[in-house]
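In case you want the letters, here they are:
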Amino acid sequence: KSMKKIVLLLASISCLVVCSGQDIFTRGLVYQAPEMKKVIIKEKITYRNVNDTALSFDIYYPPSFNFKKRLPLVVFNNGVGGMEIPRWGIYKDWAKVIAANGMIAVNYQSRNGRTLEDGEALLDYLVKSAAQLSIDAGKIGLWTCSANARTGMRLAYKTRPEVIKALVVYYGGPDSLGQLRQNLPTLMVRAGLDAQFINQKLEDFLQEALQQDVRIELVNYLNGIHAFDAFTNTDESKEVIIKTVKFLE
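Residues numbered from 1 in each chain as written. Predicted model: local features only at pLDDT ≥ 70, side-chain atom pairs only at ≥ 80, totals over all residues. Heavy atoms only, no water.

We now examine the overall build of the protein. Helices and strands together make up the secondary structure of the protein, namely 8 helices and 8 strands. The globule rule puts the C-alpha radius of gyration for 249 residues at 18 Å, and the 17 Å found for the protein is close to it. Along the first, second and third principal axes, the C-alpha atoms of the protein reach 45 × 45 × 40 Å. Relative to its full complement of 249 residues, the protein shows a buried share of 51%. Long-range pairs, those at least 24 residues apart, make up 72% of the contacts in the protein between residues at least 6 apart in sequence. Distance between charge centroids for the protein: 4 Å, based on 31 positive and 25 negative side chains. (Helix = DSSP H or I, 4+ residues; strand = E, 2+ residues; numbered from the N terminus. Rg over C-alpha atoms; globule rule 2.2 N^0.38 Å. Buried < 20%, exposed > 50% of the residue type's maximum accessible area, 1.4 Å probe, protein only. Contact = heavy atoms within 4.5 Å. Lys, Arg positive; Asp, Glu negative; His and termini not counted. Charge placed at Lys NZ, Arg CZ, Asp CG, Glu CD.)

What follows concerns the pairing of strand S4 (residues 104-108). A large share of S4 lies buried, amounting to 5 of its 5 residues. Side-chain alternation along S4 places Ile 104, Val 106 and Tyr 108 on one buried face and Ala 105 and Asn 107 on a second face that is also buried. In the sheet, strand S2 (residues 53-61) pairs with S4 via 4 bridges, with the strands oriented antiparallel. Looking at the pairing, Tyr 60 lines up with Ala 105 of S4. Relative to S4, strand S3 (residues 71-76) runs parallel, the two sharing 4 bridges. Bridged to Phe 76 within S4 is Asn 107. You can see the chain leave S3, run along helix H2 (residues 89-100) and come back into S4, and the turn it takes is right-handed. (Pairing = 2+ DSSP bridges. Right-handed = clockwise from strand over helix to strand, strands pointing away.)

When the charged atoms of two side chains lie near each other, side chains of opposite charge can form a pair. According to the stated counting rule, one finds 13 salt bridges in the structure shown. Residue Arg 114 pairs with Glu 117 through a salt bridge whose shortest N-O separation is 3.6 Å. For Arg 114, a relative accessible area of 43% corresponds to the partly exposed category. Classification of Glu 117 as partly exposed rests on a relative accessible area of 34%. Several salt bridges share partner residues, and in doing so they unite Arg 48, Arg 111, Arg 114, Glu 117 and Asp 118 into one network. (Salt bridge = Lys/Arg side-chain N within 4 Å of Asp/Glu carboxyl O.)

Once that is clear, we can look at the packing of helix H3 (residues 115-128) against helix H5 (residues 149-159). Between H3 and H5, the least distance of the axes is 10 Å, while the angle of their chain directions is 55°. One element, H3, and the other, H5, form an angle in the oblique class. The element H3 and its partner H5 pack so that their crossing is right-handed. Packed against H3, whose contacting residues are Thr 115, Leu 116, Gly 119, Glu 120 and Leu 123, the element H5 presents Thr 151, Arg 154, Leu 155 and Thr 159 at the interface. (Axes fitted to C-alpha atoms, helices over the stretch in contact; angles between N-to-C directions. Parallel < 35°, antiparallel > 145°, perpendicular 65-115°, else oblique. Left-handed = near helix turned anticlockwise from the far one by under 90°.)

Pairing is mixed across the open sheet formed by 8 strands, whose spatial order is S1-S2-S4-S3-S5-S6-S7-S8. Where the open sheet ends on each side, the last strands, each with one partner, are strand S1 (40-50) and strand S8 (216-221). Each strand of the sheet is rotated relative to its neighbour by a mean of 20°, with strand direction disregarded. Along the sheet, H3 contacts S1, S2, S3, S4, strand S5 (135-145) and strand S6 (164-170); its crossing angle with S1, the most-contacted strand, is approximately 120°. Helix H8 (residues 235-248) rests against S3, S5, S6, strand S7 (186-191) and S8 of the sheet, and its axis sits at about 170° to S6.

Spanning 14 residues, H8 covers 20 Å between terminal C-alpha atoms, matching the ideal 20 Å at 1.5 Å per step. For H8, the set of buried residues is Ser 237, Val 240, Ile 241, Thr 244, Val 245, Phe 247 and Leu 248. Along H8, the residues classed as buried sweep out an arc of 160° about the axis, all on the same side. More than 90 degrees from the buried face of H8, the exposed residues found are Asp 235, Glu 239 and Lys 246. (Expected span 1.5 Å × (residues − 1). Arc of directions from axis to C-beta.)

A few words on the pairing of S2. Most of S2 is tucked away, with 7 of its 9 residues classed as buried. Once S1 ends, the chain turns through 2 residues before running back antiparallel as S2, passing Asn 51 with a positive phi of about 55°.

As a further point, take the packing of aromatic side chains. One pass over the structure, following the stated rule, counts 18 aromatic pairs. With centroids separated by 5.2 Å and ring planes inclined at 45°, the aromatic side chains of Trp 94 and Trp 143 adopt a geometry described as tilted. In this pair, Trp 94 sits in helix H2 while Trp 143 sits in strand S5, placing the two residues 49 residues apart along the sequence. Accessibility expressed as a relative area gives 1% for Trp 94, which makes it buried. Pairwise contacts between aromatic rings join Phe 76, Trp 88, Tyr 91, Trp 94, Trp 143, Tyr 170, Tyr 171, Tyr 221 and Phe 228 into one cluster. Between Lys 42 and the ring centre of Phe 67, over which it is positioned, the NZ or CZ distance is 4.4 Å. (Phe/Tyr/Trp six-rings, centres within 6.5 Å; stacked < 30°, edge-to-face > 60°. Lys NZ or Arg CZ within 6 Å of the ring centre and 35° of its normal.)

Rendered as structure tokens:
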């Protein structure tokens, strides 16, 4: 039932994008800064070959970066699967914001129904290739949202805990994860006007996390809707985005 609700929600978001008159590939982040236009982007780097399918990622570097030092990395989790996610305007802009603030960002492809193993393969590749990509492998964070959070939070808490050192979760929550890490700084952003079943998952996780003394911060954006970072162009939305960047820094 919950999976069906998630599919319906994603369909409604897609409809909202279409009805707004803006293509999903061009609708970006409501927060913009001049430095975002100057970031260095390297596209379509293959991290995994599966049968006849090559899975790739795009990597974003700060403006004028000289590639002589290693920088912290933020991975934007593709937890629902899809080859076009790195082309979405919102993901591209989030990566640009991170790069404009002195870090590296990655957007990547993953396959439907194989998002956990593809996410693991990506993280393994990034750690193995950290030197050539100018990544500080000891400072890798993960950003995940909505239905992606089921995979993203499992990567961070369960299957790649040694890799992920910080976690951001926007308007989403996991299935129960059982015993949680206590050494993972986590920022959760709750959209007060979101669907009840989504906020219930988020609140259930928060309760578990507090009971287990997990390092967690909550931004409770009371006027926030699902995907507010793409749709709600207000000072409050921008403040939440800025707070998120500062947390990752």
